[in-house]
Number of protein chains: 2
Amino acid sequence: MATPVSEVVGVADLETVRELAQQLRVDSVRSSTSAGSGHPTSSMSAADVMAVLLTRHLRYDWDNPDDPANDHLIFSKGHASPLIYSMFKAVGVVSDEELMTGYRRFGHRLQGHPTPVLPWVDVATGSLGQGLPDAVGVALAGKFLDKTPYRVWVVCGDSEMAEGSMWEALDKASFYGLSNLIAIVDVNRLGQRGPTELGWDMAAYARRVEAFGARALVVDGHDLGAIDAALADAEDAARPTVILARTRKGEGFSEVADVEGWHGKPLTGDMAERAIVELGGERNLRVRGPVPPADLARPEHQARPAFTLPTYELGAKVASRRAYGQALAAIGAWTDVVALDAEVSNSTYAEDFTKAHPDRFFEIFIAEQQLVAAAVGLSVRGYVPFASTFAAFLSRAYDFIRMAAISQSDIRLSGSHAGVEIGADGPSQMALEDLAMMRAVGGSTVLYPSDATSTAKLVEVMAGLRGVSYLRTTRGAYPVLYGPDEQFAPGGSKVLRSSDADTVTLIGAGVTLHHCLAAADVLAGEGVSARVIDLYSIKPVDAATLAEAARATGGRLVVAEDHYAEGGIGGAVLEGLASALRDGDVSVRLAHLSVTELPGSGTPDELLDFAGISTPHIVEAARGLLR
Amino acid sequence: MATPVSEVVGVADLETVRELAQQLRVDSVRSSTSAGSGHPTSSMSAADVMAVLLTRHLRYDWDNPDDPANDHLIFSKGHASPLIYSMFKAVGVVSDEELMTGYRRFGHRLQGHPTPVLPWVDVATGSLGQGLPDAVGVALAGKFLDKTPYRVWVVCGDSEMAEGSMWEALDKASFYGLSNLIAIVDVNRLGQRGPTELGWDMAAYARRVEAFGARALVVDGHDLGAIDAALADAEDAARPTVILARTRKGEGFSEVADVEGWHGKPLTGDMAERAIVELGGERNLRVRGPVPPADLARPEHQARPAFTLPTYELGAKVASRRAYGQALAAIGAWTDVVALDAEVSNSTYAEDFTKAHPDRFFEIFIAEQQLVAAAVGLSVRGYVPFASTFAAFLSRAYDFIRMAAISQSDIRLSGSHAGVEIGADGPSQMALEDLAMMRAVGGSTVLYPSDATSTAKLVEVMAGLRGVSYLRTTRGAYPVLYGPDEQFAPGGSKVLRSSDADTVTLIGAGVTLHHCLAAADVLAGEGVSARVIDLYSIKPVDAATLAEAARATGGRLVVAEDHYAEGGIGGAVLEGLASALRDGDVSVRLAHLSVTELPGSGTPDELLDFAGISTPHIVEAARGLLR
């Protein structure tokens, strides 16, 4: 780098902004060409808007990214990573060397799409249509919880406006009056493989935005003055604002500007050289924009007073979903605990929290993607979100859950109405894939309590967990198995029946545990001693206890689960035993009872029988192993 | 039933319609009270609209549900099942006895939410926000493929308008000019746990609908004449129409009409008696509305001429995603094969099909939920849809895939860019959960070819599969392993290396198979003979070959997969061996290599090494088992 650093601190004039915009373009070209991949043209279209935002509107103390009064900047169009990384260079937190040698390289933090391994990145993006919904969660925190006037700026692509989740986000933003949320849509009219649906029909975008209750401002995304005025306008709104910036993909380099076929492709070395010449050469401008005023309100300290978990009488019949609500309401004594639900809080029992702490409950209505995204956004602000709906409907948000793991968000999900046990409502309402789905999430914790006590205890545990955690609850009421002093932890299990005479092990969780206990009674009547394990932690799984049981009972294991055969408890048991199997420490003879055919309606008992996971089937499976 | 049957054939007058509407209400109350569960009030709000539709607008030959010129009627608000079943009674295809003794009962077809076990039901609903997207697929078929003027009527709830998928559907309906699609939104203002977001703000709904390019007609949903006029108007539109019917939940029974707290609850016996009195008593009206005119166009016969699959030279490096596109283009010779993509067809290579058969390709843009729903709708019309996007982004549509299985739809999904192998783009673009997700779908088939030949062959196989099938393809190009005469089938595998001296089995699929082969070469150099299995069928899995290999190689199995540890190939192998394990036929010592930490960017080789699933790791795992 021959160019000297010219430093501009404070609000830059538009001529400086223009220079900065060209620098952002040059650096987007340089970094992606050097990496051999990336999205320079998607970066160049938004460079002008970002240059204005960075220097004149975004209030952010780059020396103190933890200042809770900083604005938030979320790149919903995460593929424009060259642009955001070039912005980080421009403010001096990333060096030119890192940009040129780290971008998209193994072991470096400037990944192909931004993730929170960078301190200035709130959430991982790259699956389109998620940054704006995440931002809604951040803005909810700002307006209702932090009560701090930071703004949440979101840079969206035009292609991603085809994702329904973007409209879930705008719907909720307007419902909650999130005037602190400002989305900028980079309408460069070209998607990955050709023109977008709406092209440059700015009026069509504006109609949709306004119809969803946000304010639409249409600007020429390459007119710095117009951009500046729109951003200033957005800062002073009573509603969420969407700035619709009409731009040209690849703007600034005539060979690619508004030309199809240049999505996600770096320029060749020759082209990059010509582009840099056309853009006026390399620059090394360093800028700093506004910072949050020292007297701007900061969020209040969160209080974590002692609370009393609900307790339950042994043998009393209590649904685990009921205990979820009661425990959540109790833990709500902590002022950083927040609950969200997708319009079924009277079924998930999140309503218990709502009644106790109405100011920390957000009704997301039937929009499960936004439900999870809001939780992610709340976790960005340090809150402890619990989001609930029917377990089956969390499948609606699987991409968001997957991305939450990449964001290393700490979110807690509760899915009620698991399995065929729900009965008459039929298969559309039955979660039969959720354990497989949630186990496969990177770093997740999957919990499936069988009684009210363990549910309440695990809800408390979840409050302290990192990453994505999931609690599966059951519709029906079953006997309380544990007294109030029993402890539960991820990776644990409970051996409920055990003796030296055990010849078979019955493993269940949720409703099937109760059937395992009943089966053990039947077997005892036949002179067979069965060990019974409550496998309440599906991930991590208690491999040691499983291996010990396998060794003690001749490898004879019966697993019964109210879930499809693939990837659920049976899979967890086998995969958990894999290292013992590898080392030859155990041998296993597994009878795996699970749902294998499409269920219909019926009573819970009829359906558990139909699925072959009820007491008589467990008894028969044990007998089979012992024959 | 004391009431005599009065039969009305042909277009009923409005007085008859009024009687029918009351009958539908009475029967909704009776059936749900008799079942002890269900949603009578959500049925009563829509009864007037349905009575008008059924008698005067829906063209449907109830004696011939297979008439391809019949209109389609999809209850997106599937919880209003008492209403649709009462309609089936009114046209005489379901008896009063079945309604009163079958509804929501085990083993009966009148399930809690409608499913296609009933011949008049196209798709399963009950997960809200899916019926309208499914209907878009049916309407696409009608307009562009069948070229038959049937109409697709969809009954939507107001709560489900909060689902982004509903707006994806309207967006695509307007983009494709689906004037044959008519949605009716039952705006009864009350959701499950209280008022909806927009209440009775009909203007707000209308603005959104119009902004998304559909025509909005607002009517009083209890004014039969107004409904009739709106339905007639909708039949004659140039655009998709959304009829916004302002209704009252529980209409017709004063104790529950427009009263909160009555969602999803049957009336008590006493209340039901009072309701029936207030509704004018039981009726037994039998009606038939219009049928498709005999001279209405029927779809043309689909042709399935012979075609030639692409072939590949052994050893040539070809990406499996490339072979997917080429094979799909070849199979496109069959005129019932249809392709869809989510704006990444130049990455998934669906573009090969687009170029060859542009009239049977639908660009869904970045809306994966609608992508899958459109495939479901096309399958309703008997087409053979293949829908493709990045495998990671199919997670966006998991609830739709789950519901497709309940619909018993025959849809084919192709997910490209699997695993860490994609390299520089980073984790947001890496499918690492997809095998777990797809395996857990009821009745699914999960295929993961390693080379171009097997990919092409499996694409052909998929065309003939029932249910949900999934093909996982790889970004990079790897050597062709199979000649053109090799055959592949669900449940199969290929033993690529085998001898009597084998002491360990290496199991891979996709990219890891190539590493297993390389590892076998390294081991051979050390005097170790390794069996190598291409496990291209992940579900069903070839349990017999796995068991045989386990027996032949002392139970020593190394599984390497480019997927998270849970529920993927390792799980498939273990679960596949479960019955052999149960019967004591094999013992297993498994070394399971999979992705266990959050990856970043890098080259494919760097990332496969990082994940511990590349050649040296496989070699070391085999050595470990042999020590």
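Per an unreviewed UniProt entry, chain A carries the name Transketolase and comes from Parafrankia colletiae. Within the UniProt record for chain A, the comment given under Subunit (unreviewed entry) is "Homodimer." Here is the UniProt Sequence similarities (unreviewed entry) comment for chain A, exactly as written: "Belongs to the transketolase family."

Peer 1: How should I be thinking about the packing of helix 6 (residues 131–146) of chain B against helix 14 (residues 368–380) of chain B in this particular structure?
Peer 2: Axes are the key here: two packed helices are described by the angle between their axes and the distance separating the axes. All names here are of chain B. The contact between helix 6 and helix 14 brings their axes to 6 Å, and the two run at 55 degrees. Considering their axes alone, helix 6 and helix 14 lie oblique with respect to each other. Two packed elements cross with a definite hand, and for helix 6 against helix 14 that hand is right-handed. Residues Pro133, Asp134, Val136, Gly137, Val138, Leu140, Ala141 and Leu145 of helix 6 pack against Gln370, Ala373, Ala374, Val376, Gly377, Leu378 and Val380 of helix 14. Residue composition of the contact of helix 6 with helix 14, grouped by class: 11 nonpolar, three polar and one charged.

Peer 1: Looking at this model, I keep getting lost on the interface of chain A and chain B. Mind explaining?
Peer 2: Quoted interface sizes are often the accessible area lost when the parts come together. Contacts between the two partners involve 99 residues from chain A and, on the opposite side, 99 residues from chain B. The junction of chain A with chain B conceals about 8000 Å² of combined surface from both sides, 53% of it contributed by carbon and sulfur atoms. Its largest share of buried area at the contact with chain B, chain A owes to A:Phe106, A:Glu197 and A:Arg396, together 10% of the area lost on that side. Along the contact surface separating chain A from chain B lie 16 salt bridges. One salt bridge connects B:Asp399 with A:Arg396, and the closest N-O pair in it is separated by 2.9 Å. At the junction of chain A and chain B, the tally comes to 52 residue pairs in polar contact (both at pLDDT 80 or more). If you tally residues by element for the side of chain A that touches chain B, the top one is helix 7 (residues 164–175) of chain A, at eight residues. The residue inventory of the side of chain A that touches chain B, partitioned by class, reads 39 nonpolar, 34 polar and 26 charged.

Peer 1: Even after reading the chapter, I still don't get the sheet that holds strand 2 (residues 72–75) of chain A, so can you show me in this structure?
Peer 2: Strands belonging to one sheet form pairs held by backbone hydrogen bonds; the direction of such a pair is parallel or antiparallel. All names here are of chain A. One open sheet holds the five strands; their spatial order is 2-3-4-6-5, and the pairing between them is parallel. Here the strands that pair on one side only, and so sit at the sheet edges, are strand 2 and strand 5 (215–220). Taking the axes of each pair of neighbouring strands and ignoring which way they run, one obtains an average angle of 20 degrees across the sheet. The pairing of strand 3 (residues 152–157) with strand 4 (residues 181–187) spans six bridges and is parallel. Residue pairing in the sheet places Val154 in a bridge with Ala183 of strand 4. Packed on one face of the sheet, helix 3 (residues 47–56) meets strand 2, strand 3, strand 4 and strand 6 (241–246) and runs near 155 degrees to strand 4.

Peer 1: Would you mind showing me how to read the domain arrangement of chain A here?
Peer 2: Residue and element names in this part refer to chain A. Here the domain parsing of chain A yields domain 1 (6–287), domain 2 (316–480) and domain 3 (494–626). Between domain 2 and domain 3, the C-alpha centre-to-centre distance is 25 Å. With 31 residues of domain 2 in contact, the opposing surface of domain 3 contributes 34 residues. At the boundary of domain 2 with domain 3, total buried surface from both sides reaches about 2400 Å², with 59% on carbon and sulfur atoms. Linking domain 2 to domain 3 there are one salt bridge. With a shortest N-O distance of 2.7 Å, Arg439 and Glu575 are connected by a salt bridge. Where domain 2 meets domain 3, there are 19 residue pairs in polar contact (both at pLDDT 80 or more). Every element with two or more residues in the side of domain 2 that touches domain 3 is listed here: helix 17 (434–439), strand 13 (445–447) and strand 15 (477–479). Among the elements that take part in the side of domain 2 that touches domain 3, helix 17 stands out by supplying four residues, more than any other. Of the residues in the side of domain 2 that touches domain 3, the class split is 17 nonpolar, eight polar and six charged.

Peer 1: How do you make sense of the pattern of salt bridges when you look at a structure like this?
Peer 2: In a structure, side chains of opposite charge can pair up when their charged atoms sit close to one another. Residues and elements named next belong to chain A. Evaluation of the coordinates by the stated rule reveals 88 salt bridges over all chains. The shortest N-O distance in the salt bridge between Asp171 and Lys172 comes to 3.0 Å. For Asp171, a relative accessible area of 4% corresponds to the buried category. Among the charged side chains, a salt-bridge network with shared partners connects Asp27, Arg30, Lys89, Asp96 and Glu282.

Peer 1: Just checking my understanding: could you explain the pairing of strand 11 (residues 384–390) of chain B for this structure?
Peer 2: Side-chain positions along a regular strand alternate between the two faces of the sheet. Residues and elements named next belong to chain B. Burial of strand 11 is extensive: seven of the seven residues sit out of reach of the surface. In this structure, strand 9 (residues 337–341) lies alongside strand 11, joined through five bridges in parallel fashion. From the neighbouring strand, Val337 faces strand 11, where its bridge partner is Val384. The pairing of strand 11 with strand 12 (residues 411–416) spans five bridges and is classified as parallel. Residue pairing in the sheet places Thr389 in a bridge with Gly415 of strand 12. In terms of handedness, the path from strand 11 via helix 15 (residues 398–406) over to strand 12 forms a crossover that is right-handed.

Peer 1: Honestly, the side chain of B:Glu421 in this entry has me stumped. Any pointers?
Peer 2: Residues and elements named next belong to chain B. Position of Glu421 among the secondary structure elements: in the loop between strand 12 and helix 16 (434–439). A distance of 2.5 Å separates polar atoms of two side chains, one belonging to Glu421 and the other to Tyr478. Excluding its chain neighbours within four sequence positions, the residues that come into contact with Glu421 are Thr474, Arg475, Gly476, Tyr478, Val511, Asp562 and Pro604.

Peer 1: Any chance you could explain the UniProt feature "domain: Transketolase-like pyrimidine-binding" (unreviewed entry) in chain A here in plain terms?
Peer 2: The positions that UniProt labels "domain: Transketolase-like pyrimidine-binding" (unreviewed entry) are, in the present scheme, residues 318–480 of chain A. For residues 318–480 of chain A, the helix share is 40%, the strand share is 21%, and the end-to-end C-alpha distance is 7 Å.

Peer 1: For this particular structure, what's the right way to read the environment of B:Arg298?
Peer 2: All names here are of chain B. Tracing the sequence through the fold places Arg298 in the loop between strand 7 (285–288) and strand 8 (317–319). A residue is classified by how much of its surface remains accessible, and Arg298, at 29% relative accessible area, is partly exposed. Taking C-alpha positions, Arg298 is 59 Å from Val504, a pair spaced 206 residues apart along the chain. Excluding residues that lie within four positions of it along the chain, Arg298 makes contacts with Asp67, Pro68, Ala69, Thr148, Pro292 and Pro293.

Peer 1: Explain the relation of the copies chain A and chain B to me, please; I cannot follow it from the model alone.
Peer 2: The second copy of the chain is related to the first by a rotation about an axis and a shift along the axis. With an RMSD of 0.0 Å, the operation that places chain A on chain B is a rotation of 180 degrees combined with a shift of 0.0 Å along the axis. Within this description, the copies of the chain are treated as partners about a two-fold rotation axis. Closest to the rotation axis within chain A is the C-alpha of A:Gly164, separated from it by 1.8 Å. The overlap is high: 100% of the interface residues of chain A also sit at the interface in chain B, so the same surface is used on both sides.

Peer 1: Please explain the sheet that holds strand 10 (residues 361–363) of chain A as it appears in this structure.
Peer 2: Residues and elements named next belong to chain A. Strands sit in the order 10-9-11-12-14-13-19 across an open sheet of seven strands; the sheet is mixed. The strands lining the two open edges of the sheet, one partner per strand, are strand 10 and strand 19 (537–539). Neighbour to neighbour, the strand axes of the sheet diverge by 20 degrees on average, direction disregarded. As paired elements, strand 12 (residues 411–416) and strand 14 (residues 468–472) share five bridges and run parallel to each other. Each bridged residue has a counterpart across the sheet, and for Arg412 the counterpart in strand 14 is Ser469. Seen against the sheet, helix 14 (residues 368–380) touches strand 9 (337–341), strand 10, strand 11 (384–390) and strand 12 and runs at an angle of roughly 170 degrees to strand 11. Contacting strand 11, strand 12, strand 13 and strand 14, helix 18 (residues 452–463) runs over the sheet at an angle of about 170 degrees to strand 14.

The rules behind these values
Residues numbered from 1 in each chain as written. Chains lettered and ligands numbered in written order. Predicted model: local features only at pLDDT ≥ 70, side-chain atom pairs only at ≥ 80, totals over all residues. Heavy atoms only, no water. UniProt positions renumbered as here; feature names shortened; annotations may be inferred. Axes fitted to C-alpha atoms, helices over the stretch in contact; angles between N-to-C directions. Helix = DSSP H or I, 4+ residues; strand = E, 2+ residues; numbered from the N terminus. Parallel < 35°, antiparallel > 145°, perpendicular 65-115°, else oblique. Left-handed = near helix turned anticlockwise from the far one by under 90°. Contact = heavy atoms within 4.5 Å. Nonpolar A, V, L, I, M, F, W, Y, C, P; charged D, E, K, R; others polar. Buried area = accessible area lost by both parts, 1.4 Å probe. Salt bridge = Lys/Arg side-chain N within 4 Å of Asp/Glu carboxyl O. Polar contact = N/O pair within 3.5 Å; in protein donor to acceptor, adjacent residues only side chain to side chain. Pairing = 2+ DSSP bridges. Domains from an automatic or database assignment. Buried < 20%, exposed > 50% of the residue type's maximum accessible area, 1.4 Å probe, protein only. Right-handed = clockwise from strand over helix to strand, strands pointing away. Least-squares fit on C-alpha atoms with pLDDT ≥ 70 in both.

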